[in-house]
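Architecture at a glance
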Amino acid sequence: MDSFGRQHNYLRISLTEKCNLRCQYCMPEEGVQLTPKSELLTAQEIITLAKLFVKEGVDKIRLTGGEPLIRPDVVEIVGELHKLEGLKTIAVTTNGINLTRLLPRLKEAGLNAINISLDTLVPAKFEFIVRRKGFHKVMEGIHKATELGYHPVKVNCVVMRGFNEDEVLDFVDFTKDLPLDVRFIEYMPFDGNKWNFKKMVSYKEMLDTIKQRWPELEKLPCETSSTAKSYKVPHFQGQISFITSMSEHFCGSCNRLRITADGNLKVCLFGNSEVSLRDHLRSGASEEELIQIIGAAVGRKKKQHAGMFNISRMKNRPMVLIGSHPEKQWHIATGILQTQLRGYCVFQKDPSSTFDTKCLDASVGQAPVDCQSKEACSGSEFHTRESGSCTRVPHASDNLTHTDEEGRATMVDVGGKPDSRRSAVAGAVVLLGEKAFGMVKQNQVKKGDVLAVAQIAGIQGAKLTSQLIPLCHTIPLYHVEVSLSLDEARHAVVIRSSCHTWGRTGVEMEALTAASLAALTVYDMCKAVTHDIIIQELKLISKTGGQRGDFSRV
Ligand code: SAM
Ligand code: SF4
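Residues numbered from 1 in each chain as written. Chains lettered and ligands numbered in written order. Predicted model: local features only at pLDDT ≥ 70, side-chain atom pairs only at ≥ 80, totals over all residues. Heavy atoms only, no water.

Labelled according to an unreviewed UniProt entry, the chain appears under the name Molybdenum cofactor biosynthesis protein 1, originating from Serinus canaria. UniProt's Subunit (unreviewed entry) comment on the chain is quoted here verbatim: "Isoform MOCS1A and isoform MOCS1B probably form a heterooligomer." Per UniProt, the comment on the chain under Cofactor (unreviewed entry) is "[4Fe-4S] cluster". (UniProt positions renumbered as here; feature names shortened; annotations may be inferred.)

Here you go:
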């Protein structure tokens, strides 16, 4: 138990750092620097440690990796774990490539739960994302698992914008006739996987999409320590779940510990503190000493992880070297995801990809080539590649001026832009309700003249914009005007603000800030009368000047 009262009964053990796939989001193309074999845990050491954890209350062990099913002694390890009294669940997370061949023996040895990773139902996209062949083997493995009675067979699908977010509904359909639990996993940052928040599709976004197609979607009850939010389309055999590690973390109920293939205990997937159980084991630590070391590490476990932006900057092992399954844990402009695979271009219709979509040459796994024939690829979903290559498609960040290549906030350098006259008009509406509206109209509010104070607040707000909005420039405002009028029919104050400058960047943020501050001031001055006040319709009404042209709301 840690210092927050969380009982840790779930241990994940990585059996290997090696993998027969090279998933883009998990591992670099060239693989990872492997730990020498002598420094990896032997089967005997794995069992010794497992025994200790089970004795201390662990009742579920998941074998993972790397790819656990490429370890030659995996069946024997499962068999030995099966002998541990008190261990209720022995699970494996696998990419499914070797599953059909091994599953009967694994089942016989005692394996009673299985998660299979599959991010796409399109074979060519599979080869693109895992940089290897094998789609049909994985599908075969999924069917084999259902035939052998695994119920449910969990299918892990990491959802990435610009790659597979358009397949969410197809994955839901996949649960119609099979006892599957398709688990949509939010894309997580790990060392080297070029994570960027724009690539992450949040669970709420996925759920919205699914509910539009299946309004009758039912929420299923969940266990306290469960990391999954589960749903079911009535009458479908299977179900779907969301693993919201990023948008809604579940640190509060975390019951997981991890042992890496080189024997380090990690108490948090996103933490970088590790304790080498291997070294203690090899230097002859007694069972009691080991339990003390493990207890101390668990005792140091933090309340929660550092948040997604911090995690994305933090030093951590690449996912493949943690060997965890992310059971614990985002949309932008248009562009085109263009991937060339074995002579084909895969085209996405809503291509907001910020994916590293360098084209792959005819055989998957070879070095990427830069493509030049964009035209040859446009239009439909699959195109025969004739000229050999396609132009790299712009990153979504290319279209967004305030984000850098990594999707992080950045201030635009306007030094090179020409000066021009720029203006912007913004507005907002404050619904006050009858009583407060009457008092404002009669100028009877105790705090003073609401309309006059809010007008000054709006003007001050415009001038302070660069101090309030992090990426805004400080610009000379030549004129700010804020007007407030009364709308009898709606019992509302209608705010209009306008700003003017002669400079290198626009004033829409200044106009919007003015309208916001005026609206908030109306709220502040009337809140003693009622809290039933709604600020709405905060919007840019028009803008002139600048390279992007004028805007006017009709
Ligand atoms: N090789 C096995 C497999 O792919 O199932 C087991 C190890 S793999 C690291 C465990 C799980 O982590 C897989 O389901 C994989 O999809 C998921 N995963 C890897 N990198 C991820 C990331 N950046 N974000 C979310 N899930 C990730
Ligand atoms: Fe290998 Fe699994 Fe990582 Fe893919 S997610 S590279 S299959 S370890």
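Once the structure has been displayed, the description carries forward.
**Focus: the pairing of strand β21 (residues 534-544)**
Of the pairings in the sheet, the one linking strand β18 (residues 420-431) to β21 comprises eight bridges and is antiparallel in character. Counted as the bridge partner of valine 430 is isoleucine 535 from β21. As defined by bridge partners, β21 adjoins strand β22 (residues 551-552) across two bridges and the pair is classed as antiparallel. Residue pairing in the sheet places serine 542 in a bridge with serine 552 of β22. Where β21 hands over to β22, the hairpin turn is made up of six residues, of which glycine 545 adopts a positive phi near 90°. (Pairing = 2+ DSSP bridges. Helix = DSSP H or I, 4+ residues; strand = E, 2+ residues; numbered from the N terminus.)

**So, the site of ligand 2**
If you check the shell around ligand 2, you find eight residues, and the closest are Cys19, Cys23, Cys26, Gly66 and Asn95. Its residues assigned to classes, the shell around ligand 2 comprises six nonpolar, two polar and no charged. (Near = heavy atom within 4 Å. Nonpolar A, V, L, I, M, F, W, Y, C, P; charged D, E, K, R; others polar.)

**Details of the pairing of strand β8 (residues 228-232)**
Counting buried positions over the five residues of β8 gives four, a clear majority of the element. Relative to β8, strand β7 (residues 218-219) runs antiparallel, the two sharing two bridges. Within β8, the residue paired with glutamate 218 across the bridge is lysine 232. Direction of pairing for β8 relative to strand β9 (residues 239-243): antiparallel, over a ladder of four bridges. Pairing of alanine 228 across the sheet is with isoleucine 243, part of β9. Between β8 and β9, which pair antiparallel and follow one another directly, the connecting turn spans six residues, one of which, histidine 235, has a positive phi of 75°. (Buried < 20%, exposed > 50% of the residue type's maximum accessible area, 1.4 Å probe, protein only.)

**Some remarks on the sheet that holds strand β11 (residues 264-266)**
Sheet architecture is open: 12 strands sit in the order β7-β8-β9-β6-β5-β4-β3-β2-β1-β10-β11-β12, paired in mixed fashion. Strands with a single pairing partner mark the edges of an open sheet, and in this sheet they are β7 and β12 (274-276). Sheet strands touched by helix α5 (residues 135-147): β4 (113-117), β5 (153-159) and β6 (180-186). Its angle to β4, the strand with the most contacts, is close to 160°. (Contact = heavy atoms within 4.5 Å. Axes fitted to C-alpha atoms, helices over the stretch in contact; angles between N-to-C directions.)

**Observations concerning the nonpolar core**
Residues Ile61, Leu81, Ile114, Leu118 and Phe184 are the most contacted members of the largest nonpolar core, which totals 101 residues. With seven residues, the top contributor of residues to this core is helix α1 (residues 43-55). Among the nonpolar cores identified, the runner-up in size contains 32 residues, and Ala426, Ala514, Ala515 and Leu540 belong to it. (Core = buried A, V, L, I, M, F, W, Y, C linked by side-chain atoms within 4.5 Å.)

**Focus: the packing of aromatic side chains**
On inspection of all chains with the given rule, the structure shows eight aromatic pairs. Plain terms: the ring middles of phenylalanine 128 and phenylalanine 163 are 6.0 Å apart, the flat faces sit at 35° to each other, and that makes the pair tilted. Linking phenylalanine 128 in helix α4 (residues 123-130) with phenylalanine 163 in the loop between β5 and α6 (168-174), this pair joins segments that are 35 residues apart in sequence. No difference in accessibility class separates phenylalanine 128 from phenylalanine 163, as the two residues are buried. Through a chain of ring-to-ring contacts, three or more aromatic side chains come together here, namely Phe171, Phe174, Phe184, Tyr203, Tyr231 and Phe242. A cation over a ring is seen here: lysine 60 above tyrosine 10, with NZ or CZ 4.5 Å from the ring centre. (Phe/Tyr/Trp six-rings, centres within 6.5 Å; stacked < 30°, edge-to-face > 60°. Lys NZ or Arg CZ within 6 Å of the ring centre and 35° of its normal.)

**With respect to the pattern of salt bridges**
Using the criterion set out here, one finds 18 salt bridges in the structure. Note that arginine 71 and aspartate 73 form a salt bridge whose closest N and O atoms lie 2.7 Å from each other. Arginine 71 sits in the buried class, given a relative accessible area of 12%. In this structure, lysine 266 and glutamate 274 form a salt bridge, with 3.4 Å as the shortest nitrogen-oxygen distance. Taken together, the shared-partner salt bridges connect Asp487, Arg490, Glu537 and Lys539 into one network. (Salt bridge = Lys/Arg side-chain N within 4 Å of Asp/Glu carboxyl O.)

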